[in-house]
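As a plain string of letters, each chain reads:
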Amino acid sequence: MQSTPAAGPSAIPGQHRRPPQVSGGFGAPPADLAAGLARFNEVPFTTAEAALLECCGSRRWAHRMAAHRPFPDLASLLAASDEAGYDLAPRDIAEALAAEPAPCLHHDAPRAAHLALRAAHAAYESRFGHSFVICLDALPPSQHVDQVLAGIRVRLAHEVDEERAVTTDELRRLARSRLVELVTEGW
């Protein structure tokens, strides 16, 4: 599932998924974090689990996170996410990676940028057998393309075990970011 491209030719929206609009009490965005977290804690298990799968594509992770509700605060939610992420088996990580969209460019980006990104992704997937994942939350959109290309270039030099560790850390960072978005922006 890929999100709608952001405005501007350099946006890479692919790995910044938004939780789906689901029924069960998550209509309008919450007025504050506490209200969003309270709603997340109160939705039915299956609704929470479905939304959590949009944060991390591992069913085991999503099930564990939904089962550990209620969370008293954001710090507890994020700590539980990290703990669940560290406990994922290789097959759970593979499942999460299979659900990740590859970062993509806005359709208005220059053709050369599309070609460069496509070639970099192909090289990465050929070497490691899964999509490249990177959390770009700390960077402005204008730097995303450069960071993705630089990240792929650097990480192509990793040994398989080293890249597995980096990839797993990026998945945890993406899950944390998506959880914050889930409870602060509503569904």
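Further up the page is the structure itself.
Definitions and cut-offs
- Residues numbered from 1 in each chain as written.
- Predicted model: local features only at pLDDT ≥ 70, side-chain atom pairs only at ≥ 80, totals over all residues.
- Heavy atoms only, no water.
- Helix = DSSP H or I, 4+ residues; strand = E, 2+ residues; numbered from the N terminus.
- Buried < 20%, exposed > 50% of the residue type's maximum accessible area, 1.4 Å probe, protein only.
- Core = buried A, V, L, I, M, F, W, Y, C linked by side-chain atoms within 4.5 Å.
- Contact = heavy atoms within 4.5 Å.
- Phe/Tyr/Trp six-rings, centres within 6.5 Å; stacked < 30°, edge-to-face > 60°.
- Lys NZ or Arg CZ within 6 Å of the ring centre and 35° of its normal.

Enquirer: Help me understand unusual backbone geometry in this model?
Expert: What you tend to see is this: most non-glycine residues have negative phi, and most peptide bonds are trans. Following arginine 69, the chain continues to proline 70 via a peptide bond in cis, the omega torsion being 5°. Here proline 70 is to be found in the loop between helix 3 (59-67) and helix 4 (74-86).

Enquirer: I tried to follow the environment of alanine 50 on my own but got confused; where do I start?
Expert: With respect to the helices and strands, the residue alanine 50 is situated in helix 2 (residues 45-55). Considering only alpha carbons, one finds alanine 50 and alanine 66, 16 residues apart in sequence, at a separation of 9.2 Å.

Enquirer: What's the story with the environment of arginine 39 in this structure? I'm lost.
Expert: Note on placement: arginine 39 falls in helix 1 (residues 33-42). Residue classification places arginine 39 among the partly exposed positions, given a relative accessible area of 24%. Each C-alpha atom of the pair arginine 39 and valine 183 lies 8.2 Å from the other, and the pair is 144 residues apart in sequence.

Enquirer: Explain the nonpolar core to me, please; I cannot follow it from the model alone.
Expert: Generally speaking, soluble globular proteins have nonpolar side chains that are buried together. Of all hydrophobic cores here, the largest spans 29 residues; its most connected members are Phe40, Leu52, Trp61, Met65, Phe71, Leu77 and Leu179. Looking at this core, the elements with two or more residues in it are helix 1, helix 2, helix 3, helix 4, helix 5 (90-99) and helix 8 (160-185). When residues of this core are assigned to their parent elements, the largest contribution, six residues, is made by helix 8. Residue contacts for phenylalanine 71: discarding those within four places in its chain leaves Leu37, Phe40, Asn41, Met65, Ser76, Leu77 and Ala80. Counting 14 residues, the second largest nonpolar core, distinct from the first, contains Ala113, Ala120, Phe128 and Val145.

Enquirer: It is not clear to me how the packing of aromatic side chains should be interpreted in this structure. Could you clarify?
Expert: Per the stated rule, a full pass over the model turns up three aromatic pairs. On the numbers, 6.4 Å between centres and 15° between planes, the contact of phenylalanine 40 with phenylalanine 71 is stacked. Taken as a pair, phenylalanine 40 in helix 1 and phenylalanine 71 in the loop between helix 3 and helix 4 lie far apart in primary sequence, 31 residues in all. Ring centres of tyrosine 124 and phenylalanine 128 lie 4.8 Å apart, and the angle between their planes is 50°; on these two criteria the pair is classed as tilted. Of this pair, tyrosine 124 and phenylalanine 128 both sit in helix 6 (residues 111-128), four residues apart, roughly one helical turn. Exposure class is identical for tyrosine 124 and phenylalanine 128. Each is buried. By the ring-pair criterion, three or more aromatic residues cluster together here, those being Tyr124, Phe128 and Phe132. Taking NZ or CZ as reference, arginine 69 lies 5.7 Å from the ring centre of phenylalanine 40, over its face.

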